[in-house]
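# Summary of the model geometry
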Amino acid sequence: MLEGQYDSKKVENKIYKLWEESGFFNPDNLPNAKKRKSFTIIMPPTNANGNLHAGHALVMTIEDIMTRYKRMNGFKALWLPGLDHAGFETQVVYEKKLEKEGRSRFQIPKEQLYKEIWDFTQENKVNIKNQVRKMGASCDWSREKFTLDQDIVKVVYETFENLYKDGLIYRGKKIVNWCPKHQTSLSDLETKDDEKIEKFYYLKYGPFTIATSRPETKFGDKYVVMHPDDKRYIDYKNGQKIDLEWINGPITATVIKDKAIDMEFGTGAMTITPWHDAVDFDMSERHNLDKEQIIDLQSKLLPIAGEFTGMKILEARPKIIEKLQSKGLVEKIDENYKHVTKTCYKCNTLIEPQIMSQWFLKMKPLAEPATKAIQAGKIKFIPEHYKKIALHWLKNILDWPLSRQIAWGIPMPIKICENCGENFVDINNQLQSCTKCNSQLKKDPDTLDTWFSSGQWPFATLMNTGKNDFNNFYPTDVMETAGEIIFFWVSRMIMLGIYRTGKIPFKNVYLHGLVLDAKGQKMSKSKGNVINPLDLIEKYGTDALRISLVMGNTPGTSLALDENKIRGYKNFANKIWNAGKFVLMNTAGVDITKKPRLSKDDAKYLAELNKSIAKITKQMDNFKFYLAAEDIYHYFWHVFCDKIIEEKKKDILGEDLVKRDSAKWLLLEIYATCLQLLHPFMPFITEEIYQQLSIKNKEKCLMIEKWPD
RNA sequence: GGGCGCUUAGCUCAGCUGGUAGAGCAUUUCAUUUACACUGAAGAGGUCAUAGGUUCGAGUCCUAUAGCGCCCACCA
């Protein structure tokens, strides 16, 4: 019998265990599994480098709502959980840990570092999985995957090889974003802009004045570029040589005319540093110019800098200006030059572009079919405006650098000849010697960008399961993730999914916004406003947290998570509990399968209920969980409890037997129906009460009851 | 420079294909042991950013303006 107030702590672990032991998280075990149509959500693999945060809590809630709803609607519902090794992210987390211990990754042999991080992620995996269980997630643990599992890596390597054979993966000597602190290259998405006010130097360069904020890169500059239409420089011709005095002595400069130059900016003339600037690199490629490295990977000047060799760039900058001044080459210095610099998104260190030999993926041929599929409406975006955002990005897509110079990740499936430098894709690790010169091969020391593996997640998780999972569950139905990672992840999954399987990887993309603090501010450790979902569960119960996260949360917009709101829904949980107490107390012996003759009022109430069910169902089908939750909440509390129960009290106690039977049956019927409607949102309390309802022919658990219609 | 949003009750936000505004929280008054005080009843509150337009009729569609926010981009 239900007693006292609802106590989530007594219920949650017990109920989760009941579900797990029922086996119904695994869709193969559902009643009549073979006849059911499949419904699949692949869980975004959680980074195995920390704890669940509020954003994860939202993911778990929304996806569990969808899964439970579809399961109750007779689908073979698969929600496949997974964890991500999260290459660079995890290595950064681990490096911070090492720093605290007074160690450095650069002193640890790569194999040992890999092993240490492996152990670190294994510990985290256990934690995270327990936290996912705390959220009530009804995912199929028997199909759990990790991005470093053998079968996943196999799929990833096969895709790599296919792409290579199709000429889409190539080794390029191109300019990349280099983080001097982390000693790795990064994709454009992994850098961010940082606005700074710096000095802007106007330097005399022969007959020209050039402007720069980075004089330390200028040692090797031997091309001076201007716009072909610039009348000021009309007398200088493309290719013209000019002898001039520069930082460390006389040099010969060459005039280049290029339309990329902005005539309005600076003096309209600039020198270029192709090794350390992406624009300059492109220009030098267009005109086939020499490129020379000035700065090494530690951001120190190379011998070309003469007396400045070995200095860190920021130390060298004022000294170089001093020297230029003494030579009379500084025209003026603008002290307040506002401009943006690229920095590492993790450590804020200034990105130093470098030319390196790396593996790239040609994106245009992959983007095209993805664009077509999206334009044809084969993938539905929720909210819709993300469609435009995705298309815009795909239209302007650049090649994707895949190599990362870090230990933690999937090794590049590449062998390099020590003698002739030839590269071989070797996904099975079979090649021993170079097929060209027969010399010894060594492994490419780099690892793959983590998004290259997670970008294949929807099919990689289903391909090598030893069952018919790929055919049964792919393409998946919904990809639910943070709007923030639409480029990093969603777009790449679409491209790689179509490439590898010929099919879109998912039919719907549901993108949620950020979870903010009560004041609407982004949570961050430095602000100290991070809300830990486990604390909230402890205080208010999982069900209250879950419904707080969806109530009023429209897709794509951020949600301010206020504890008062959660407290309110804890009260709601208690309301459900108390109403249950009342209904159970007053309906003992009622057989819900035998509908009595209903009084006029009761028939009206039943019709009203059916209307509400239809409305809520429609909202669920349209992914409007925020509306469905509100309606069921409102119906349960303010219609069922406040009106119907209050009114029926007199019938239950009254003398009229027809009215009494009618009222009792109605209360039980509505209450049981509400438990079903509420179940996807608040699974623990509803299941707990369901277990105590005495209903004929009821299922083993509410989780697999039929959704009301 | 390009793109995408937002602006509705004190606060947080809903309002789908157009029919003179809704929820939760907060607030005011009342009820005082009722399944539930983690409660119930009643109430107060908004010229839906601004200006035009389409329409019999516009938070809802169109245009412009203002403010706020986010994303992308190679101004040395």
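The structure presented is a predicted model; accordingly, all values stated were derived computationally and were not measured.

Turning to the pairing of strand β10 (residues 223–226), a few remarks are in order. Burial along β10 is two-sided: the residues Y223 and V225 and V224 and M226 are all buried. In this sheet, strand β12 (residues 249–257) lies alongside β10 in parallel orientation, the contact comprising four bridges. Within β12, the residue paired with V225 across the bridge is I256.

What follows concerns the sheet that holds strand β5 (residues 145–146). An order of β2-β4-β5 is seen for the three strands of this open sheet, with the pairing classed as parallel. Each end of this open sheet is capped by a strand with a single partner; those strands are β2 (46–47) and β5. Relative to β5, strand β4 (residues 82–84) runs parallel, the two sharing two bridges. Paired with G82 across the two strands is K145, which belongs to β5.

A few words on the side chain of D602. If you trace the backbone, D602 turns up in helix α17 (residues 600–621). Residue classification places D602 among the buried residues on the basis of a relative accessible area of 0%.

Below, the discussion takes up the environment of E216. Tracing the backbone through its elements, the reader meets E216 in the loop between β9 (208–212) and β10. For E216, a relative accessible area of 0% gives the class buried. For the pair E216 and H638, spaced 422 residues apart in the sequence, the C-alpha separation amounts to 71 Å. Side-chain polar atoms of E216 contact the side chain of R317, separated by 2.9 Å.

Now for the nonpolar core. As a rule of thumb, soluble globular proteins bury nonpolar side chains together. Ranked by size, the top nonpolar core spans 180 residues in total, and within it L361, F640 and F681 carry the most contacts. The element contributing the most residues to this core is helix α18 (residues 625–653), with 14 residues. Discounting chain neighbours no more than four positions away, the residues touching F640 are V583, Y635, I645, L667, I670 and Y671. In this structure, F219, V255, I294 and L324 belong to the second largest nonpolar core, which totals 29 residues.

Bringing the packing of aromatic side chains into the picture now. Overall, the coordinates contain 39 aromatic pairs when judged by the stated rule. When the centroid spacing of 4.9 Å and the interplanar angle of 85° are considered together, the rings of Y205 and W246 count as edge-to-face. Note that Y205 is positioned in strand β8 (residues 191–205) and W246 in strand β11 (residues 241–246), a separation of 41 residues in sequence. Its relative accessible area of 0% is what places Y205 among the buried residues. Grouping aromatic residues by their ring pairs yields a cluster made of Y569, F572, Y633, F636, W637, F640 and Y671. Against the face of F146 rests K125, its NZ or CZ located 4.0 Å from the ring centre. In this structure, K604 is placed above the aromatic ring of Y605, and the distance from its NZ or CZ to the ring centre is 5.0 Å.

The UniProt feature table records "domain: Aminoacyl-tRNA synthetase class Ia" (unreviewed entry) at residues 14–552. End C-alpha atoms of residues 14–552 are separated by 30 Å, and the span's content is 33% helix alongside 24% strand.

A few words now on the confidence of the model for chain A. Close reading of the predicted structure is inappropriate where its pLDDT is low. Confidence in the prediction for chain A averages 92 pLDDT; 100% of positions are at 70 or higher. Two numbers describe this predicted complex: its pTM, 0.94, and its ipTM, 0.92.

As a further point, take the state of the cysteines. The term disulfide refers to a covalent linkage connecting the sulfur atoms of a pair of cysteines. On inspection of all chains with the given rule, the structure shows zero disulfides. Here C347 is not disulfide-linked; the sulfur of C344 is the nearest cysteine sulfur, at 3.6 Å. With no disulfide of its own, C437 has C417 as its nearest cysteine by sulfur position, at a separation of 3.5 Å.

This brings us to the side chain of E190. Here E190 lies in the loop between β7 (184–186) and β8. Sequence-distant contacts of E190, defined by excluding residues within four places in its chain, comprise T343, C344, Y345, R404, D449, W451 and F488.

With that settled, consider the protein's contact with RNA strand B. Around RNA strand B, the structure places 41 residues, and the nearest of them are Q5, D262, Y337, T554 and W637. Per the 4 Å cut-off to the protein, sugar and phosphate atoms form 63% of the nearby atoms of RNA strand B. Within the contact set of RNA strand B, a base oxygen lies 2.7 Å away from a side-chain nitrogen or oxygen of K575. Y626 places a polar side-chain atom, nitrogen or oxygen, 2.7 Å from a phosphate oxygen of RNA strand B.

Taken in spatial order, the four strands make up an open sheet running β11-β12-β10-β13, and their pairing is mixed. The sheet is open, and its two borders are formed by β11 and β13 (269–271), each paired with just one other strand. Averaged over all pairs of adjacent strands, the angle between strand axes in this sheet comes to 35°, irrespective of strand direction. Of the pairings in the sheet, the one linking β10 to β13 comprises three bridges and is antiparallel in character. Within the sheet, the bridge partner assigned to V225 lies in β13 and is M270. Its contacts with the sheet put helix α6 (residues 278–287) on β10, β12 and β13, and the angle it makes with β13 is roughly 90°.

Here is what the cut-offs are and how they apply
- Residues numbered from 1 in each chain as written.
- Chains lettered and ligands numbered in written order.
- Predicted model: local features only at pLDDT ≥ 70, side-chain atom pairs only at ≥ 80, totals over all residues.
- Heavy atoms only, no water.
- Buried < 20%, exposed > 50% of the residue type's maximum accessible area, 1.4 Å probe, protein only.
- Helix = DSSP H or I, 4+ residues; strand = E, 2+ residues; numbered from the N terminus.
- Pairing = 2+ DSSP bridges.
- Polar contact = N/O pair within 3.5 Å; in protein donor to acceptor, adjacent residues only side chain to side chain.
- Core = buried A, V, L, I, M, F, W, Y, C linked by side-chain atoms within 4.5 Å.
- Contact = heavy atoms within 4.5 Å.
- Phe/Tyr/Trp six-rings, centres within 6.5 Å; stacked < 30°, edge-to-face > 60°.
- Lys NZ or Arg CZ within 6 Å of the ring centre and 35° of its normal.
- UniProt positions renumbered as here; feature names shortened; annotations may be inferred.
- pLDDT = per-residue confidence, 0-100.
- Disulfide = S-S within 2.5 Å.
- Near = heavy atom within 4 Å.
- Axes fitted to C-alpha atoms, helices over the stretch in contact; angles between N-to-C directions.

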